[in-house]
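# Structure at a glance
What follows is the residue order along each chain.
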Amino acid sequence: GKTGCLHVDGDRGRGRVWIDGGSVVAASADRALGEPSIDEVVFEMLRFGRGSFSFAIDEPAPHDAEPTEIEGTLRRATQLLEEWRELEAVVPSLSHRVAMAPELTVEQVTVDADRWKALVAIASGRSVGELAEALGVGELGITRTVSDLVELGVAVVEPPATSRSNGSGRRN
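A few points on the structure. Every value quoted in this text rests on a predicted model; they were computed, and no experiment measured them. (Residues numbered from 1 in each chain as written. Predicted model: local features only at pLDDT ≥ 70, side-chain atom pairs only at ≥ 80, totals over all residues. Heavy atoms only, no water.)

### Details of the sheet that holds strand E5 (residues 68–69)
We count it as follows: Should DSSP find at least two bridges between two strands, the strands are taken to pair. Only DSSP runs of H or I reaching four residues or more are called helices, and only runs of E reaching two or more are called strands; each is numbered from the N terminus. Two residues form a contact once any of their heavy atoms are found within 4.5 Å. Axis lines are fitted through C-alpha atoms, for helices just across the contact stretch, and the angle between N-to-C directions can take any value from 0 to 180 degrees.
Across the sheet, five strands lie side by side as E4-E1-E2-E3-E5; this open sheet has antiparallel pairing. Lying at the two open borders of the sheet, with one neighbouring strand each, are strand E4 (51–57) and E5. Inspection of the sheet shows strand E1 (residues 4–10) paired to strand E2 (residues 13–20) by seven bridges, in the antiparallel sense. Pairing of Leu 6 across the sheet is with Val 17, part of E2. Running over the sheet, helix H1 (residues 38–46) touches E1, E2 and strand E3 (23–29) and is turned about 60° from E3.

Written out as structure tokens, the structure is:
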């Protein structure tokens, strides 16, 4: 039944969760870009490997929002974490490159406006992180998008580019 703000400083940045009468009313995290849901912000904070936290009693939320139950928020954020682990198998890091597939493995593909926007950004040769920045989405959102495009067969994920040359003019 507390009211205040949970401050978390971790190896992936900072996060805050505002509580009012025991319910979550707002949240923010450095890596939760755009307008993420409270569940997505808590998911980002669950990805911290280590860090510290403090609770500031009676610290008001920056804006009013619909209160949500803490248990439900944690359950949904944990489900996002499980989804993330599956997505990581396709998109291991923000440093990995995304490229257009050299050829389609299916007869035809239907591409909606959001997918087209992502494909245009991919065609200019970007890493997953650069693609997220260009499209204005967070890590979870871009990983979902890239995984979807890989599943459709229109994109491939390649190892990160390095700055060293292997002597053949190609980068390792």
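### Some thoughts on the packing of aromatic side chains
For clarity, the threshold we go by: Aromatic rings from Phe, Tyr and Trp, taking only the six-membered ring of Trp, are treated as a pair when their centres fall within 6.5 Å; an angle between ring planes under 30 degrees marks them as stacked, one over 60 as edge-to-face, and anything in between as tilted. Ring-over charges, as used throughout, are those where CZ of Arg or NZ of Lys falls within 6 Å of the ring centre and within 35 degrees of the ring normal.
Per the counting criterion, the structure on display carries one aromatic pair. Note that Arg 47 overlies the ring of Trp 84, its terminal NZ or CZ placed 4.1 Å from the centroid.

### Some remarks on the nonpolar core
Selection rule: To qualify as a nonpolar core, a set must consist of buried Ala, Val, Leu, Ile, Met, Phe, Trp, Tyr and Cys residues joined through side-chain atoms within 4.5 Å. Using a 1.4 Å probe on the protein chains alone, a residue whose accessible area is under 20% of its type maximum counts as buried, one over 50% counts as exposed, and one in between counts as partly exposed.
In terms of nonpolar packing, the biggest core is built from 19 residues, with Val 17, Val 41, Phe 43, Met 45 and Leu 140 touching the most fellow members. Contributions of two or more residues to this core are made by E2, E3, H1 and helix H2 (70–90). Leave out the neighbours within four places in its chain, and Met 45 touches Val 8, Gly 15, Arg 16, Val 17, Ser 28 and Ala 29.

### Some words on the sheet that holds strand E7 (residues 126–127)
If you walk across this open sheet you meet the three strands as E7-E6-E8, and the pairing is antiparallel. Bordering the open sheet on either side are E7 and strand E8 (155–158), each of which pairs with just one other strand. Bridge analysis of strand E6 (residues 97–100) against E7 gives two bridges, and the strand direction is antiparallel. Residue pairing in the sheet places Val 98 in a bridge with Arg 126 of E7.

### So, the packing of H1 against H2
Basically, it comes down to this: Each helix crossing is assigned a hand: it is left-handed if the near helix lies turned anticlockwise from the far helix by less than a right angle, otherwise right-handed if that turn is clockwise. Only Asp, Glu, Lys and Arg are considered charged, only Ala, Val, Leu, Ile, Met, Phe, Trp, Tyr, Cys and Pro nonpolar, and every remaining residue, Gly among them, polar.
The N-to-C vectors of H1 and H2 enclose an angle of 60°; their axes lie 8 Å apart at closest approach. With respect to the hand of their crossing, H1 and H2 are arranged in right-handed fashion. The segment H1 lies against H2, with Ile 38, Asp 39, Glu 40, Val 42, Phe 43 and Leu 46 engaging Thr 73, Leu 74, Arg 76, Ala 77, Thr 78, Leu 80, Leu 81 and Trp 84. Looking at side-chain class alone, the contact of H1 with H2 contains nine nonpolar, two polar and three charged residues.

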